[in-house]
Amino acid sequence: MKDLSVHFAGVSKKYPHFALENINLELPTGSIMGFIGANGAGKSTTIRILMGLVHQDQGAVHVLGHAMPAEQVAAKLDIGFVSEDMRLYKSATIAWHMEFIRSIYPRWDQSYAESLLQRFDLKPQQKVKGLSHGQRVKAALLLALARRPRLLVLDEPTTGLDPVARHEVLGELMAVLADEERTILFSSHNTQDVEQISDQITFIDRGRIIDSDDKEIFLDRWRRLRLVLPPEATLPRLPGIVQVSGSDRLPVLTTNSFESAMVSACHDMGATVQAVDSMTLEEIFVASVQGGRERQTV
Amino acid sequence: MYLQIMEQIKQRVAVGEWGRGEEIPSIRQLAVALRVSVITVKRAYLELEREGVIVTQHGKGSIVASDPDLSPRLYDQELAEHLEQVVRLGILLGLTPEELTSRLRAAMDRLIASRLTKERL
């Protein structure tokens, strides 16, 4: 069996105006998963269920081998969680927070915490209310990292950060992975960050997982084919076509299950393949969300 | 993205920064150093192994192959791709093969001339 740090099986949760439906998720130990969704897609609800902060209506959730939410106290000793809406005490200093966390978590690593202070350019005597948004995120991340958790769960860690701070944060996340026992799940709508550092990619939209795979496989199977059709010809039927755009004679096909045999199939049907373009994660994300929504409304 | 990593590794091998038969960083070490995902580096290593640039010994890590012979092949492939692109643009502009050839020659002359002036300076 694979060693999974996070395992969701058939998880559902209903709210009056929103529902998570049949969420299945597997995160192998030692990898980074980028969890991508538009605002309101269900990212934060999924993460809250993972943390035991929200209880699922149906389905099983295991985190680091612990059943959630029943065994959340044991699980949380080993999970570092940073979210946007997590508040630090405004009138206390960073040093006070470090001392506070240290008193709770036995594995707190003071020398690592101090080196992070330097790398993140934070001053321990500074009060939280005087910090910028970027400094607050870095402070929260420092408090989570220095506990040396086996699983880091980050809800939108890079949102609203300036380019320098983003670079520092992504760098520290990668450094965590030098130890192959540690695992990271982070949500984002910044596909660039996800594309850079993730091993696994999961797309969520309207409370459903619409796709989840190894990043390289993901990027490999999405392609855009630009064709030239002879007059009066019809579009070749190909597997996995998510979108058709362009004009009648110059169609552009977006596929999520590209194989090189597709190009020769197009030739056989009289079409000229002008180009086969690879797509960025952002383009893939938009195409799969739109494709999924079209199928739902049809 | 793994293509960029492959390119970087080939260059390191080509300039001798990573010598033949020398041990190269583990997948995880390189991922951390380059700040890219483990799976991207893994993919790059797999492809490089297939091309014979590196050799991976199970459980021991990877080394540069004793005879990677890559620079001619590498640049040859790149040249072929660029040439195809040139021809494609030529057709788009409606150039005859003769016109395209003379344009290529002109570009070559310009580059060589400017390189010569630089060397003189």
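Along each chain, the written sequence defines residue order, and numbers are assigned to residues from 1. Here the convention is simple: chains get letters from A, ligands get numbers from 1, in the order in which they are written. The predicted nature of this model means local features are confined to residues of pLDDT at least 70 and side-chain atom pairs, given and counted, to a pLDDT of 80 or more, with totals for whole chains, interfaces and linings taken over all residues. Computation of side-chain values: all heavy atoms of the structure, hydrogens and water removed.

1. A closer look at the domain arrangement of chain A
Phase 1 of the analysis: The domains assigned to chain A are domain 1 (4-213) and domain 2 (223-278).
Phase 2 of the analysis: Note that domain bounds follow an automatic or database assignment of domains. Computed from C-alpha coordinates alone, the two centres of domain 1 of chain A and domain 2 of chain A are separated by 41 Å.

2. A word on the pattern of salt bridges
If charged atoms from side chains of opposite charge come close, those side chains can pair.
Residues and elements named next belong to chain A.
Phase 1 of the analysis: By definition here, a salt bridge exists when the distance from a side-chain nitrogen of Lys or Arg to a carboxyl oxygen of Asp or Glu is within 4 Å. This model, assessed by the stated rule, comprises 24 salt bridges over all chains.
Phase 2 of the analysis: The closest approach of N and O atoms between E99 and R102, which form a salt bridge, is 3.1 Å. Of the two residues, E99 and R102 are both situated in helix α3 (residues 94-104); the distance of 3 residues between them amounts to about one turn of the helix.
Phase 3 of the analysis: Of the charged contacts, one joins R182 and D179 as a salt bridge, the two residues approaching to 3.1 Å between their closest N and O atoms. Under the DSSP-based scheme used, a helix requires at least four consecutive residues in state H or I and a strand at least two consecutive residues in state E, with every element numbered from the N terminus.

3. Side note on the side chain of S5 of chain A
Phase 1 of the analysis: Structurally, S5 of chain A is set in strand β1 (residues 4-14).
Phase 2 of the analysis: Taking the relative accessible area as the measure of exposure, S5 of chain A reaches 2% and is therefore buried. Residue burial is assigned from relative accessible area. The probe radius is 1.4 Å, only protein chains are included, and a residue is buried under 20% of its type maximum, exposed over 50%, and partly exposed in between.

4. Some words on the sheet that holds strand β9 (residues 200-205) of chain A
Residues and elements named next belong to chain A.
Phase 1 of the analysis: The strand order across the open sheet formed by 6 strands is β6-β7-β8-β3-β9-β10, and the pairing between neighbours is mixed. Single-partner strands in this sheet number two, and they are β6 (79-82) and β10 (208-214). Averaged over neighbouring strand pairs, the angle between their axes works out to 15 degrees when direction is ignored.
Phase 2 of the analysis: Whether two strands pair comes down to DSSP finding at least two bridges between them. Taken together, the 5 bridges between strand β3 (residues 32-37) and β9 define a ladder with parallel strand orientation. Its bridge partner lying in β9, I36 is registered against F203.
Phase 3 of the analysis: Any two residues whose heavy atoms approach within 4.5 Å are treated as being in contact. Between N-to-C directions, angles span 0 to 180 degrees; the directions come from axes that are lines fitted to C-alpha atoms, helices contributing only their stretch in contact. Seen against the sheet, helix α1 (residues 43-50) touches β3, β6, β7 (151-155), β8 (183-188) and β9 and runs at an angle of roughly 150 degrees to β7.
Phase 4 of the analysis: Relative to the sheet, helix α5 (residues 133-145) contacts β6 and β7, its axis offset from that of β6 by approximately 175 degrees.

5. Brief notes about the interface of chain A and chain B
A common measure of how large an interface is: the accessible area buried when the components associate.
Phase 1 of the analysis: At the junction of the two partners, chain A supplies 18 residues and chain B supplies 12 residues.
Phase 2 of the analysis: As used here, buried area is the combined drop in accessible area, with a 1.4 Å probe, of two parts when they are placed together. Buried surface at the junction of chain A and chain B, summed over both partners, amounts to about 1,400 Å²; 55% is from carbon and sulfur atoms.
Phase 3 of the analysis: Counting the surface chain A buries against chain B, the share from its top three residues, M174, Q196 and E216 of chain A, is 39%.
Phase 4 of the analysis: Note that R43 of chain B is salt-bridged to D220 of chain A, the shortest N-O span being 2.8 Å.

6. Side note on the packing of aromatic side chains
Phase 1 of the analysis: Classification of ring pairs uses Phe, Tyr and Trp, with its six-membered ring standing for Trp, and accepts pairs whose centres are within 6.5 Å; under 30 degrees between planes counts as stacked, over 60 as edge-to-face, and the remaining range as tilted. Per the stated rule, a full pass over the model turns up 5 aromatic pairs over all chains.
Phase 2 of the analysis: Here the aromatic rings of W96 of chain A and F100 of chain A are separated by 5.3 Å at their centres, their planes lie at 10 degrees, and the arrangement is stacked. Of this pair, W96 of chain A and F100 of chain A are both found in helix α3, 4 residues apart, which corresponds to roughly one turn of the helix.
Phase 3 of the analysis: Residue class for W96 of chain A comes out partly exposed when judged on its relative accessible area of 39%.
Phase 4 of the analysis: Ring pairs connect the aromatic residues Y89, W96 and F100 of chain A, which therefore count as one cluster.
Phase 5 of the analysis: One cation-aromatic arrangement involves R147 of chain A over Y105 of chain A; the distance from NZ or CZ to the ring centre is 3.7 Å.
Phase 6 of the analysis: Only when the NZ of Lys or the CZ of Arg is both within 6 Å of the ring centre and within 35 degrees of the ring normal is a charge said to sit over the ring. Across the ring face of Y2 of chain B, the terminal group of R43 of chain B is positioned such that the distance to the ring centre comes to 4.0 Å.

7. Examining the nonpolar core
Residues and elements named next belong to chain A.
Phase 1 of the analysis: By size, the foremost hydrophobic cluster in this structure holds 70 residues, and its most contacted members are L142 and I184.
Phase 2 of the analysis: Per-element accounting of this core gives the leading share, 8 residues, to α5.
Phase 3 of the analysis: Leave out the neighbours within four places in its chain, and L142 touches M98, W108, A113, L116, L117, F120 and L122. In this description, a nonpolar core means a group of buried Ala, Val, Leu, Ile, Met, Phe, Trp, Tyr and Cys residues linked to one another through side-chain atoms lying within 4.5 Å.

8. Some thoughts on the pairing of β6 of chain A
Residue and element names in this part refer to chain A.
Phase 1 of the analysis: Side chains I79 and F81 project from β6 onto one buried face, and the interleaved G80 and V82 project onto a second face that is buried too.
Phase 2 of the analysis: Bridge count between β6 and β7: 4 bridges; the pairing is parallel. By the bridge assignment, V82 is partnered in β7 with L154.

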